[in-house]
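Tertiary structure, described
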Amino acid sequence: LFDGVYPFYLQQRKVSVFDVSTIIVIVVFLTLACSFLLIIPGIRGRARLYWTLRVLLSLLVGVVIVAVQFTGDWETGWVTANTSYKSFSHALVNADIGLHVGLAGVNVTLMGKPVNQVNETINYNEHFAWSFSADYDHSYSKGLERGLPSPILYVAEKFTMQSPCSMLRQYRISSHYASVTLWVAFCTWLISNMLFSMPVLVYGGYMLLVTGAFMIFSLLSFSTVKNSLMCPIQFGTATLRIGYGGSFWLTLAIGLLCFVAGITVVALHYFDLDLLKTFFDLREERAEDYQEMSEVYVNPHFVNKGL
């Protein structure tokens, strides 16, 4: 003990945007991309460009679908305010207070301006999970026991079950179904890649459309939190307002990309099938296969023997 306080304790720390799970997903897909780039010189002609474009776009869709499951910037908000730092203390600090909402929970950050104030280093980032397998209120209670700064506890309290705002229930349900629909989109993305590797390209285009549809459904599910009453988060005269973050807009962009790619594949199937097969390197016949032998040479020795 150090003056009656434990000097070390387990903290609920998690990077607000990128964490270990996100980095692992990105590294896996980058490894696949680099492996493909190593074998791409073995493909001759324009097919090399077509293969590169198809594979990289497909990997981009896959990595976004999986990575946004673990990011924490579906909604973000920042405010700069003079606020109390600890309970039972009149000391005020000037700090940036941030709120980062993900599908698995919420991150509350507190960074002093400057970082060193009231003889302490003010640089906090606390994660409170709200998935169905986690107990949000228990995490909040642990934060109270650890004596987290008042601004972090004030923001985290807005999402507790006892809060009159009732934001936790809405966020938990919306995030859960958004995550489920994204995993379904990942499955349809895998199916589309398998169909594109076979001579059934139009069905691969249909599955791309389904992938884009499920990504849009996940955004619609998450956006239902805007229909509930949001309690104001006030720090004196300053208000912390949150809006859609990078993960939300990135998912929307990739979903629209899937729609455009799927519609293009289906349209080419009905209007220019040869061009579609050329792009996917599935030409069944080549020019040299149609060449007929203009002359036939016969060995006279076998003709004289009647063979």
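Predicted, not measured: the structure shown is a model, and the values here were computed from it. (Residues numbered from 1 in each chain as written. Predicted model: local features only at pLDDT ≥ 70, side-chain atom pairs only at ≥ 80, totals over all residues. Heavy atoms only, no water.)

Turning to the confidence of the model for the protein chain, a few remarks are in order. Residues of the protein chain with pLDDT of at least 70 account for 85%, and the chain-wide mean is 82. Residue range residues 5-12 is modelled with pLDDT below 50. Its contacts to residues more than four positions away, or to other chains, number 9 contacts. Under a pLDDT of 50 for its full length, residues 285-294 has, in the predicted model, 1 contact with residues more than four places off or in other chains. (pLDDT = per-residue confidence, 0-100. Contact = heavy atoms within 4.5 Å.)

As a further point, take the pattern of salt bridges. One pass over the structure, following the stated rule, counts 3 salt bridges. The salt bridge partner of Lys86 is Glu120, with a shortest N-O separation of 2.8 Å. Of this pair, Lys86 sits in the loop between strand 1 (75-84) and strand 2 (92-101) while Glu120 sits in strand 4 (residues 120-129), placing them 34 residues apart in sequence. Arg146 serves as the salt-bridge partner of Glu126, at 2.9 Å between the closest nitrogen and oxygen. One end of the pair, Glu126, is in strand 4; the other, Arg146, is in helix 3 (residues 136-146), with 20 residues separating them in the sequence. (Salt bridge = Lys/Arg side-chain N within 4 Å of Asp/Glu carboxyl O. Helix = DSSP H or I, 4+ residues; strand = E, 2+ residues; numbered from the N terminus.)

The subject of this paragraph is a nonpolar patch on the surface. A cluster of nonpolar side chains, namely Val20, Ile24, Val28 and Leu32, defines an oily patch on the protein surface of about 370 Å² accessible area. In this fold, Val28 is placed in helix 1 (residues 20-39). Overall, the relative accessible area of 44% leaves Val28 in the partly exposed class. (Patch = residues over 30% accessible without salt bridge, like charges linked within 9 Å, V, L, I, M, F, W, Y side chains within 5 Å. Areas by Shrake-Rupley, 256 points an atom, 1.4 Å probe, with all protein chains shown as cover. Buried < 20%, exposed > 50% of the residue type's maximum accessible area, 1.4 Å probe, protein only.)

Next up on the list: unusual backbone geometry. Along the chain, Lys113 connects to Pro114 via a cis peptide bond; the corresponding omega equals 5°. Residue Val118 is not a glycine yet carries a positive backbone phi of 45°. Residue position: Val118 is located in the loop between strand 3 (105-117) and strand 4. The exposure class assigned to Val118 is partly exposed, which follows from its relative accessible area of 37%. Positive phi is not limited to glycine here, since Asn119 has a value of about 60°.

The next point concerns the layout of surface pockets. Reported here for the largest pocket is a volume of approximately 760 Å³. Arg54, Val55, Ser58, Phe196 and Phe280 are the residues nearest the centre of the largest pocket, which is lined by 28 residues in total. Breaking the lining of the largest pocket down by element, the ones donating at least two residues are helix 1, helix 2 (47-67), helix 5 (167-196), helix 7 (246-271) and helix 8 (273-279). Among the elements that make up the lining of the largest pocket, the one with the highest residue count is helix 2 (8 residues). Of the residues in the lining of the largest pocket, the class split is 22 nonpolar, 5 polar and 1 charged. (1 Å grid on protein atoms, 1.4 Å probe; cavity = no way out; pocket = protein on both sides within 12 Å on 5 of 7 lines; lining within 4 Å. Points joined across faces, edges and corners; volume = space filled by probe spheres on them. Nonpolar A, V, L, I, M, F, W, Y, C, P; charged D, E, K, R; others polar.)

Moving on, we come to the pairing of strand 4. Of all 10 residues that make up strand 4, 7 are buried, and the element is covered over most of its length. Where strand 3 lies against strand 4, 9 bridges are found, and the strand directions are antiparallel. Within the sheet, the bridge partner assigned to Met111 lies in strand 4 and is Asn123. (Pairing = 2+ DSSP bridges.)

It is worth spelling out the packing of aromatic side chains at this point. Evaluated as defined, the whole model comprises 19 aromatic pairs. Each ring, one from Phe159 and one from Tyr171, has its centre 5.7 Å from the other, and the planes form 70°; the classification is edge-to-face. Taken together, the positions of Phe159 in the loop between helix 4 (150-157) and helix 5 and Tyr171 in helix 5 put the pair 12 residues apart, joining distant regions of the chain. By the burial criterion, Phe159 is buried, and Tyr171 matches it. Ring geometry for Tyr244 against Trp249: centres 6.0 Å apart, planes inclined by 90°, an arrangement best described as edge-to-face. Through successive ring pairs, a cluster of aromatic residues spans Trp74, Trp130, Phe159, Tyr171, Phe222, Tyr244, Phe248 and Trp249. If you follow Arg54 out to its NZ or CZ, it ends over the ring of Trp51, 4.3 Å from the centre. One Lys or Arg, Arg54, reaches over the ring of Phe279 and ends 5.9 Å from the middle of that ring. (Phe/Tyr/Trp six-rings, centres within 6.5 Å; stacked < 30°, edge-to-face > 60°. Lys NZ or Arg CZ within 6 Å of the ring centre and 35° of its normal.)

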